[in-house]
Amino acid sequence: MTAAILSGGENTRIPVLKGFLEVGGRTILARSLEMLRRLFRDVVISTNMPERYFSFGVPLIGDIRDERGPMTGILSLLAATGDESVFVVACDMPFIKEELIRYIINCYDRHAAGSGGQADAVIPVFRGRPEPLLGIYSRSAFTVLEEEVRKGKRGIQETLAKLNVLYIPDEEVSRIDPEGLSFVNINTLNDYERIGGNLCLV
């Protein structure tokens, strides 16, 4: 299984690349890469601006279609990697708990080994809401994702309804991450300021 950081979005609501925001003195990307390298043999970055990410020393995968967004990134990862599945995290999630990643992987393995067979995706649920940007997508989801992207669809939540998804129940996720810190993401400068960030634009 390959781990991937999704950094190919349009980034329109904040004036810098979100993965390069510093939290606790380190960029979100550096924090995520360090953690993922402990858990996975292969780690990649999904990006359409490879020149900005060369210094991280991991393979870079661009979108296979011009429709930007996380769904296109996931589709491109499944097309480019040789693995049966990819574990994806968004580039703007600074507080992902390693234990939760391990638990999601264990759920995927147990489901694949059991009578349920392989799921198209394994997605945690927190406070009643699926969190599709911290989870696993299997190659079996490729056809549906490709069709949705071809139609110009961008919302992953709607696409999940068309897949065979193993949802990790709220109570299991909350046992590992009671405050849902793993799902905190930075979409705006206000989000960044709320977690104590201080962006200096000169």
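Please read all numbers here as calculations on a predicted model, not as lab measurements. Throughout, residues of each chain are indexed from 1 in the direction in which the sequence is written. Given that the model is predicted, a residue must reach a pLDDT of at least 70 before its local features are reported, and side-chain atom pairs must reach 80 or more before they are shown or counted; all residues, however, enter totals for whole chains, interfaces and linings. Side-chain figures throughout are based on the complete set of non-hydrogen atoms in the structure, without hydrogens or water.

Novice: Is there a simple way to think about the pattern of salt bridges in this case?
Specialist: Opposite charge on two side chains lets them pair, provided their charged atoms get close. In what follows, salt bridge is the name for a side-chain nitrogen of Lys or Arg lying within 4 Å of a carboxyl oxygen of Asp or Glu. Going through the model one piece at a time under the given rule, you end up with nine salt bridges. The residue Glu-34 makes a salt bridge to Arg-26 at a minimum N-O spacing of 2.7 Å. Exposure remark for Glu-34: the relative accessible area of 40% places this residue in the partly exposed category. Here Arg-41 ties to Asp-42 by a salt bridge, and the two come within 3.2 Å at their closest N and O atoms. To sort residues, take the accessible area from a 1.4 Å probe on protein chains only and compare it with the maximum for the residue type: under 20% means buried, over 50% means exposed, and anything in between is partly exposed. On the accessibility criterion, Asp-42 (29% relative accessible area) is partly exposed. Through salt bridges with shared partners, a single ionic network connects Arg-38, Glu-98 and Arg-102.

Novice: How should the environment of Thr-2 be read in this particular structure?
Specialist: Strands here are runs of E lasting at least two residues and helices are runs of H or I lasting at least four, both read from the DSSP assignment and numbered beginning at the N terminus. By secondary structure assignment, the location of Thr-2 is in strand S1 (residues 2–6). Residue classification places Thr-2 among the buried positions, given a relative accessible area of 4%. Distance in space between the C-alpha atoms of Thr-2 and Arg-41 is 7.3 Å, their sequence separation being 39 residues. Ignoring anything within four residues of it in the chain, the contact list for Thr-2 reads Asp-42, Val-44, Thr-81, Asp-83, Ser-85, Val-86 and Phe-87. Residue contacts are defined here by distance: any two heavy atoms, one from each residue, within 4.5 Å place the two residues in contact.

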